[in-house]
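Descriptive analysis of the structure
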Amino acid sequence: MLKIAYHPIYKHPLPEGHRFPMEKYDLLPQQLLHEGTCIKDNFFEPSIPNDKYILAVHEPEYYYDLVNITLDQRAARKIGFPLSEVLVEREVIIAKGTIEASLHALENGIAMNIAGGTHHAYTNRGEAFCLLNDQAIGARYLQTKDLVKKVLIVDLDVHQGNGTAQIFQNDASVFTFSMHGKSNYPFKKETSDLDIALENDTNDITYLQILKSTLPRLIDQVKPDFIYYLSGVDIIATDKLGKLGLTVGGCKERDRFVLEICKANNIPIMCSMGGGYSPDIKTIVDAHANTFRLAQEIFF
């Protein structure tokens, strides 16, 4: 059975007019249930993780400044959300959702987190709506438990996974691959193990050609035991914070290719949803829902 991390805390109250579409975290599971893609048993509610799993990735001073709400104002502003105890609890629970989903993926071939993909979180700071790097925490957890040795992170959000790149910059056991908009945030990029920077308005055909010529070769080269997939839907042309030109259908074909190649190579895959900022919330939810529809179709 497809297992999906979801907690009501994922939908966090924000000031009116905030540009982050927090309501998608309620609407997405509702849509999946309504259309019959999922049933209630597909979803599990993550709990609070042991601090040690977060501290395996993030520096103690930064983490405890978050927990105690003592982060300095400049650092807090970079995060982009008003800092609060509930917000930090949300981020910690998202990280636990990715940890638990990773274990389900080892068992079932795939698992998902309704939230996550917080790839702008560094070891010692957060930015751009990311406080703790959920996939980095999940990868380190699996390695610490000797469940996997080599991890490949496939980050196909429109924004470069700068925090993930920094966290694993000197770690050969985790290969970081980011395919993103060249002129998108972050304007100062980090160096992933493989970065592919795309021109503005890159369309479905060009995007898929690049991905299909890159990922199989990368899997042959890296030989991962486990793949983390950041399936941001901010690559579509309507996205307010993206500059690429894909259709929702092209985004779906991207997901299909990634999931099918993992299935064909028998590599467990854990998916975090990442970004999506189209003006119409229905577009965001539909594009994200495609990832879950394909997971059911391909793996179950």
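None of the values given here were measured: they were computed from a predicted structure.

Calculation criteria
Residues numbered from 1 in each chain as written. Predicted model: local features only at pLDDT ≥ 70, side-chain atom pairs only at ≥ 80, totals over all residues. Heavy atoms only, no water. Helix = DSSP H or I, 4+ residues; strand = E, 2+ residues; numbered from the N terminus. Polar contact = N/O pair within 3.5 Å; in protein donor to acceptor, adjacent residues only side chain to side chain. Contact = heavy atoms within 4.5 Å. Patch = residues over 30% accessible without salt bridge, like charges linked within 9 Å, V, L, I, M, F, W, Y side chains within 5 Å. Areas by Shrake-Rupley, 256 points an atom, 1.4 Å probe, with all protein chains shown as cover. Salt bridge = Lys/Arg side-chain N within 4 Å of Asp/Glu carboxyl O. Buried < 20%, exposed > 50% of the residue type's maximum accessible area, 1.4 Å probe, protein only. Axes fitted to C-alpha atoms, helices over the stretch in contact; angles between N-to-C directions. Parallel < 35°, antiparallel > 145°, perpendicular 65-115°, else oblique. Left-handed = near helix turned anticlockwise from the far one by under 90°. Core = buried A, V, L, I, M, F, W, Y, C linked by side-chain atoms within 4.5 Å. 1 Å grid on protein atoms, 1.4 Å probe; cavity = no way out; pocket = protein on both sides within 12 Å on 5 of 7 lines; lining within 4 Å. Points joined across faces, edges and corners; volume = space filled by probe spheres on them. Nonpolar A, V, L, I, M, F, W, Y, C, P; charged D, E, K, R; others polar.

**Observations concerning the side chain of His-288**
- Among the structural elements, His-288 can be located in helix α10 (residues 281-299).
- A polar contact of 3.0 Å, which involves the side chain of His-288, links it to the side chain of Lys-24.
- Residues contacting His-288, with those up to four places away along its chain left out, are Lys-24, Leu-28, Ser-231, Val-233, Met-273, Gly-274 and Gly-275.

**A short note on a nonpolar patch on the surface**
- Together, Leu-103, Leu-106 and Leu-147 make up a nonpolar patch on the protein surface, roughly 220 Å² of accessible area in all.
- Examined against the element boundaries, Leu-103 turns out to sit in helix α5 (residues 85-108).
- On the basis of relative accessible area, Leu-103 is assigned to the partly exposed category, the value being 33%.

**Let's talk about the packing of α5 against helix α6 (residues 134-144)**
- Across the interface, α5 lies against α6 with an axial gap of 8 Å and an inter-helix angle of 50 degrees. Accordingly, the angle class assigned to the pair α5 and α6 is oblique. In terms of crossing hand, the pair formed by α5 and α6 is right-handed. Two secondary-structure elements touch here, α5 through Ile-94, Ala-95, Thr-98, Ile-99, Ser-102, Leu-103 and Leu-106 and α6 through Asp-134, Gln-135, Ile-137, Gly-138, Tyr-141 and Leu-142.

**Quick notes on the packing of helix α1 (residues 24-34) against α10**
- Between α1 and α10, the shortest axis-to-axis distance is 9 Å and the interhelical angle comes to 55 degrees. In terms of orientation, α1 lies oblique with respect to α10. For the pair α1 and α10, the sense of crossing is right-handed. Where α1 approaches α10, its residues Lys-24, Leu-27, Leu-28, Gln-31 and Leu-32 are matched on the opposing element by Ile-281, Ile-284, Val-285, His-288, Ala-289, Phe-292 and Arg-293.

**Focus on the nonpolar core**
- If you look at the biggest cluster of nonpolar residues, it comprises 98 residues, and the most contacted ones within it are Tyr-10, Ile-114, Leu-152, Phe-177, Tyr-207, Leu-259 and Ile-269.
- What Ile-269 contacts, discounting residues up to four positions off in sequence, is Ala-105, Gly-109, Ile-110, Ala-111, Ile-227, Tyr-229, Val-258, Leu-259, Cys-262 and Phe-299.

**Quick look at the layout of surface pockets**
- Of the pockets and cavities examined, the largest pocket occupies roughly 430 Å³.
- Lining the largest pocket are 31 residues, with His-120, Ala-128, Phe-129, His-159 and Tyr-277 positioned closest to its centre.
- Taken together, the elements giving at least two residues each to the lining of the largest pocket come down to α4 (73-79) and α5.
- For the lining of the largest pocket, the class distribution of residues is 13 nonpolar, 11 polar and 7 charged.

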